[in-house]
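Survey of secondary and tertiary structure
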Amino acid sequence: MERTSVGIILNGVTGRMGYRQHLVRSLLAIREQGGVPARDGSRIWPELTLVGRDENRLAEIAGRHGLSAYTTDLDAALADDAHQIYFDAQVTTQREKAIRAAIEAGKHVYTEKPLAEGFLASLELARLAAAKGVRNGVVQDKLFLPGLRKLKRLVDGGFFGRILSVRGEFGYWVFEGDWQAAQRPSWNYRAEDGGGITLDMFPHWHYVLEQIIAPVTAVTAVTATHIPERVDETGTRYRATADDAAYGIFELAGGIVAQVNSSWAVRVHRDELVEFQVDGTHGSAVAGLRDCRIQPRGATPMPVWNPDLPVTEAFRAQWQTVPDNGEHDNAFKVQWEAFLRHVVDGEPFPWDFLAGARGVQLAEAGLRSAREGRRVTIEEIPR
Ligand SMILES: NC(=O)c1ccc[n+]([C@@H]2O[C@H](COP(=O)([O-])OP(=O)(O)OC[C@H]3O[C@@H](n4cnc5c(N)ncnc54)[C@H](O)[C@@H]3O)[C@@H](O)[C@H]2O)c1
């Protein structure tokens, strides 16, 4: 079958996300399935150039996966007309500079979230990309997870009646690094290196709420650095300067209230690492990464508050599992396929820089709310 080759620069490919989710689970998987169908009947075929700071590590990754193109010279890669797309999965602090250069070089740009460290910088990237006429997108992987797709299907099908509230619980224990190695990179716990759970997770909660439930109109947040000292990858003790927990109340259009707890200092007593409970007049649902359970109005029990009696009902057992009704591929891969079709065929791609900027706007508003101890309203961004 004829191929439509698309040259992609992959920056940050030695990192957790860049390697596992974007290179292996998305782009190499797309090649293994024979590309992505294009409108003209050909298959869109990603040609990959790995970019990073350490040539040996790039060579090792390239060799492991039968790739030949890698370089530590981003400028040279950007200057090469064989590349149409620049992708960024670097640490957040390095992103803005690299994306500016990519736009300047006329590349289409796809990037991990957050788009930049600040809202104004994110808006500026959106403006520059629009002015240059390059296609642009930000990873919003949670939208493509099976559990949240089933939740969206319930919303679209009118299952809830009027939606009243959302309760989100996200987090797990990230080891301090002293007696067991931390399972997240240490920069996540240093504000000066782009860390902090608010900047990390509020962009996710923004698109999940906006696209599945309703747009966010205001936020009230309390943040904390519960673990003030950690041990890094080299065994050195450091001060945690970034927030490791964020307790947010989000007001949504239509009077819906969403509360989302995000924490790297919580132990999991849940079925999944993130869960959202949505309550509506006609039914409720609990959605995780993979599963989604419902309780319709007609099957709602009538608990009576009486602390003198033991629990009389198995509340969890009363919920019903929502069926998959189809295949659910890797969330990052599904969004990559959409971005490739956007670049090659101009298919719609709503998860653009402006959408990414709104996520950073919410993170910034959450941090301001916590700092100033007040509710912060979210200004609408004019298109
Ligand atoms: N979509 C998601 O669910 C999700 C999950 C985790 C992280 N992320 C985002 O992905 C990005 C990367 O996160 P990660 O967890 O893969 O981090 P990581 O530390 O594992 O990887 C960071 C990458 O950036 C590179 N890098 C470039 N310049 C650097 C510098 N000056 N200092 C340190 N590293 C530098 C590293 O070599 C590495 O390839 C972040 O922006 C993060 O917000 C997204």
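A short tour of the structure in this document, coming up. As the structure is a computational prediction, the values presented were derived from the model and not from experiment. (Residues numbered from 1 in each chain as written. Predicted model: local features only at pLDDT ≥ 70, side-chain atom pairs only at ≥ 80, totals over all residues. Heavy atoms only, no water.)

1. Concerning the site of the ligand
- Taken together, 23 residues surround the ligand, and among them Thr14, Arg16, Thr92, Arg95 and Trp187 come closest.
- Interatomic distance of 2.8 Å between a side-chain N/O atom of Thr92 and an oxygen atom of the ligand.
- Measuring from a nitrogen atom of the ligand, one finds a side-chain N or O atom of Asp141 at 2.9 Å.
- When the free accessible area of the ligand is taken as 850 Å², the share hidden by the protein chains comes to 83%.
- Counting only elements with at least two residues in the shell around the ligand, the list comes to helix 1 (16-32) and helix 7 (197-213).
- Its residues assigned to classes, the shell around the ligand comprises eight nonpolar, seven polar and eight charged. (Near = heavy atom within 4 Å. Polar contact = N/O pair within 3.5 Å; in protein donor to acceptor, adjacent residues only side chain to side chain. Areas by Shrake-Rupley, 256 points an atom, 1.4 Å probe, with all protein chains shown as cover. Helix = DSSP H or I, 4+ residues; strand = E, 2+ residues; numbered from the N terminus. Nonpolar A, V, L, I, M, F, W, Y, C, P; charged D, E, K, R; others polar.)

2. Looking at the sheet that holds strand 16 (residues 292-296)
- The strand order 17-16-15-14-8-13-12-9-18 describes an open sheet built from nine strands, whose pairing is mixed. The sheet terminates laterally at strand 17 (320-321) and strand 18 (376-377), the two strands that pair on one side only.
- The pairing of strand 12 (residues 245-252) with strand 13 (residues 256-263) spans eight bridges and is antiparallel. Each bridged residue has a counterpart across the sheet, and for Ala245 the counterpart in strand 13 is Ser263. (Pairing = 2+ DSSP bridges.)

3. Some words on empty space enclosed by the protein
- Tallying each qualifying case throughout the model produces three cavities of 30 Å³ or more.
- Taken as a whole, the largest cavity holds about 50 Å³ of empty space.
- Looking at the largest cavity, the residues that line it are Lys113, Pro114, Leu115, Val138, Val139, Gln140, Pro203, Tyr207, Ala355, Gly356 and Gly359.
- Top contributing element to the lining of the largest cavity by residue count: helix 9 (residues 353-372), with three residues.
- Tallied by class, the residues present in the lining of the largest cavity amount to seven nonpolar, three polar and one charged. (1 Å grid on protein atoms, 1.4 Å probe; cavity = no way out; pocket = protein on both sides within 12 Å on 5 of 7 lines; lining within 4 Å. Points joined across faces, edges and corners; volume = space filled by probe spheres on them.)

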